[in-house]
Amino acid sequence: MGKDVRKPAIFAQKSEMRIFKFGGASVKDAKAVENVGKILKRYEDEPLVVVVSAMGKSTNALEGIMEHFASGDVANAMKSIDDLLLFHTTIINELFGKNSNGIHDEIGTFFDELRDRCSQHFDGNYDFQYDQIISYGEVISTKIISAYLNLNQFKSEWVDAREVVRTNNRWREGRVDWDITKSLIDKKLTPLFNEGKMIAVTQGFLGHNSDGSTTTLGREGSDFTASIFAYCLDAKDVTIWKDVPGMLNADPKYFDNTVLLEKISFKEAIELAYFGASVIHPKTIQPLKRKKIPLHIKSFVHPDKKGSIIQESLAFDQHIPSFIFKMDQILISLTPKDFSFIVEENLERIFGYLNARKIRVNLMQNSAVSFSFVIDNSKVNLERLVEFFQTDYLVKYNEHLELVTIRHYDDPTIDRVTIGKRVILEQKSRETARMVIKNIV
């Protein structure tokens, strides 16, 4: 499929480097992997770093295995591992046919390691074990894809992100050490591309700490991995390949007649990601903004279409209103029982509790004597939260709410999302309106 193209001293011209990221949906089965090959064929004369997620729903399956391991349910852990092996074996057989023995053996070794880990006594360090187990999804996925590309004459090399992305010891949400990571990526990839390789296949989501233990960058962190490599390599651009035509002004699940945002600024993208836009991981944009590296969002279903581009200019940001919906929200309101005011001491205790349990606040508002905040229902044990705060506070809460954010709003856009709803809390700035709303029964 691919040509043997050598580009000596490629790292003398880093601006030629492009970073592609393919998520789980784009490699969910053999046909999807073949489609990735067809997309890469379009760029065979360009040096690429290809960041890949776990195949399909493998991460969810590995999380289930982790739960069995943590609870001591070895039998179900082994059954789930066998099911996951069968899923990958089916893909391998369809991709490689009679040439599959080598990749079967290699993937089999990873599953043997996974079985061995899950048959041991659980040491109680859940987050550490989580990172070690969940990482197999990306490792196995990229091994299969790299082997498939080489079978089809691409000049591909597998690169272990667990050796080049350095983080601290914060399991499940590692913080990147940028200086060390840049040095390690340069050291690994410079000789690779200078030797004539055109594609480096690596894992999203994964890193390592100073002890060499595997860390992860947080769920959906593969987008962030793409921006890490782009920043460290001074890449020409980044392309995230998705099953949508680009960045839309709303989620089609909740909004009719969505519009493609063809071009927006880094600033706008950061705002949208912060408020919960699901197309881009919130941490992805900032490294690209620093070096003005454009980010493309394109469809792997329709690769000929332009998609969206996120870049430096602010000129196109206010042309189209954007809507972000967060469903199943809880509004918590705390009022001190001793009639005192809400001061820094109260806020320190409130945020300390939330931070310790990794509960993200989606919206907050305070008055002199009360503090209210909105959180995802799925991320909190409401009964325990109420029990913790009710000693010192009167605790009120509303469940089954929606949090709607509108960028570049006007009255008609607000009316559009509040028809048949009751607005419980509202905040407005010059560019953004946020409303906590409830269906009127």
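Residues numbered from 1 in each chain as written. Predicted model: local features only at pLDDT ≥ 70, side-chain atom pairs only at ≥ 80, totals over all residues. Heavy atoms only, no water.

A. Structural view of helix α5 (residues 126–134). Counting buried residues along α5, seven of its nine residues qualify, which places the element largely inside the surrounding structure. Every buried residue of α5 is listed here: Phe128, Gln129, Tyr130, Asp131, Gln132, Ile133 and Ile134. Against α2 (58–70), α4 (101–118), α6 (136–151) and β6 (214–216) lie the buried residues of α5. (Buried < 20%, exposed > 50% of the residue type's maximum accessible area, 1.4 Å probe, protein only. Helix = DSSP H or I, 4+ residues; strand = E, 2+ residues; numbered from the N terminus. Contact = heavy atoms within 4.5 Å.)

B. Focus on the pattern of salt bridges. For the coordinates displayed, the defined rule picks out 22 salt bridges. For the salt bridge of glutamate 46 with arginine 18, the shortest nitrogen-to-oxygen distance reads 3.2 Å. Pair noted here: glutamate 46 is in the loop between α1 (30–41) and β2 (48–52) and arginine 18 is in strand β1 (residues 18–22), with a separation of 28 residues, a long-range link. A residue is classified by how much of its surface remains accessible, and glutamate 46, at 22% relative accessible area, is partly exposed. Linking glutamate 431 and lysine 267 is a salt bridge whose minimum nitrogen-to-oxygen distance equals 3.9 Å. (Salt bridge = Lys/Arg side-chain N within 4 Å of Asp/Glu carboxyl O.)

C. Unusual backbone geometry, seen in detail. Although it is not a glycine, glutamine 153 adopts a positive phi angle of roughly 75 degrees. In this fold, glutamine 153 is placed in the loop between α6 and β3 (156–158).

D. Region of interest: the packing of helix α8 (residues 178–194) against helix α9 (residues 222–233). Where α8 contacts α9, the two axes come as close as 9 Å, and the packing angle between them is 75 degrees. Classified by the angle their axes make, α8 and α9 are roughly perpendicular. Taking contact as the criterion, the partners of Trp178, Thr181, Lys182, Ile185, Asp186 and Leu189 in α8 are, on α9, Phe224, Ile228, Phe229, Tyr231, Cys232 and Leu233. Looking at the contact of α8 with α9 residue by residue, the class counts come to nine nonpolar, one polar and two charged. (Axes fitted to C-alpha atoms, helices over the stretch in contact; angles between N-to-C directions. Parallel < 35°, antiparallel > 145°, perpendicular 65-115°, else oblique. Nonpolar A, V, L, I, M, F, W, Y, C, P; charged D, E, K, R; others polar.)

E. Structural detail: a nonpolar patch on the surface. Among the surface-exposed residues, Phe341, Val343 and Val369 lie close enough to one another that they form a single nonpolar patch of about 260 Å² accessible area. Its place among the elements puts phenylalanine 341 in the loop between β11 (322–336) and α12 (344–356). Here phenylalanine 341 falls in the exposed class, since its relative accessible area comes to 56%. (Patch = residues over 30% accessible without salt bridge, like charges linked within 9 Å, V, L, I, M, F, W, Y side chains within 5 Å. Areas by Shrake-Rupley, 256 points an atom, 1.4 Å probe, with all protein chains shown as cover.)

F. View of α6. Taking 1.5 Å of rise per residue, 16 residues should cover 22 Å, and α6 covers 23 Å from first to last C-alpha, within 8% of that figure. In the stretch just after α6, glutamine 153 is the one whose phi turns positive, near 75 degrees. (Expected span 1.5 Å × (residues − 1).)

G. Geometry of the nonpolar core. One finds Ile19, Leu40, Val49 and Ile310 to be the most contacted residues of the largest nonpolar core, which totals 94 residues. When sequence neighbours within four positions are dropped, the list of residues in contact with valine 49 reads Met17, Arg18, Ile19, Phe20, Leu189, Phe193, Ala200, Thr202, Phe229 and Leu233. Residues Ile332, Leu334, Ile350 and Val361 belong to the second largest nonpolar core, which totals 19 residues. (Core = buried A, V, L, I, M, F, W, Y, C linked by side-chain atoms within 4.5 Å.)

H. Molecular detail of the environment of phenylalanine 371. Topologically, phenylalanine 371 is positioned in strand β13 (residues 371–376). For phenylalanine 371, a relative accessible area of 2% corresponds to the buried category. On a C-alpha basis, the gap between phenylalanine 371 and tyrosine 397 in space is 12 Å, while along the polypeptide they are 26 residues apart. Not counting residues up to four positions away in its chain, the partners in contact with phenylalanine 371 are Ile332, Ser333, Leu334, Ile342, Leu347, Ile350, Phe351, Met364, Gln365 and Asn366.

I. Structural context of the side chain of threonine 225. Within the secondary structure, threonine 225 sits in helix α9. When residues no more than four places from it in sequence are discounted, the contact partners of threonine 225 are Val51, Gln203, Gly204, Phe205, Leu206 and Leu217.

J. Molecular detail of the packing of aromatic side chains. Under the counting rule described, the total for this entry stands at 22 aromatic pairs. By the ring-pair criterion, three or more aromatic residues cluster together here, those being Phe20, Phe22, Tyr43 and Trp241. Against the face of phenylalanine 388 rests arginine 357, its NZ or CZ located 5.9 Å from the ring centre. The positively charged end of arginine 360 is found above the aromatic ring belonging to tyrosine 274, 5.2 Å away from the centroid. (Phe/Tyr/Trp six-rings, centres within 6.5 Å; stacked < 30°, edge-to-face > 60°. Lys NZ or Arg CZ within 6 Å of the ring centre and 35° of its normal.)

K. Fine view of the sheet that holds strand β12 (residues 363–366). As summarised here, the arrangement of the six strands in space is β12-β13-β11-β14-β16-β15, forming an open sheet in which the pairing is antiparallel. Of all strands in the sheet, those with a lone pairing partner are β12 and β15 (421–428), marking the two edges. Between one strand axis and the next, the sheet turns through 30 degrees on average, direction left out of account. Sheet analysis places β15 next to strand β16 (residues 432–439), joined by seven bridges and oriented antiparallel. Residue arginine 422 lies in a different strand from β16, and its bridge partner there is lysine 438. Against the sheet, helix α10 (residues 266–275) makes contact with β11, β14 (393–407) and β16, and its axis sits at roughly 145 degrees relative to β14, the strand it touches most. Running at roughly 20 degrees to β16, helix α14 (residues 411–418) makes contact with β11, β14, β15 and β16 of the sheet. (Pairing = 2+ DSSP bridges.)

L. Structural context of the sheet that holds strand β9 (residues 295–299). Read from one edge of the open sheet, eight strands run β3-β4-β2-β1-β7-β9-β10-β8, paired in mixed fashion. The open sheet is flanked by β3 and β8 (263–265), the only strands paired with a single partner. In this sheet, adjacent strand axes meet at a mean angle of 20 degrees when their direction is disregarded. Pairing geometry for β9 and strand β10 (residues 308–311), over three bridges, is antiparallel. What sits directly across from leucine 295, in β10, is isoleucine 310. Set on the sheet, α8 makes contact with β2, β3 and β4 (199–203); between it and β4 the angle comes to about 150 degrees.

M. Looking closely at the environment of tyrosine 43. Tracing the backbone shows tyrosine 43 in the loop between α1 and β2. Residues tyrosine 43 and alanine 277, spaced 234 residues apart in sequence, show a C-alpha to C-alpha distance of 29 Å. Setting aside chain neighbours within four positions, we find tyrosine 43 in contact with Arg18, Phe20, Leu48, Trp241 and Lys298.

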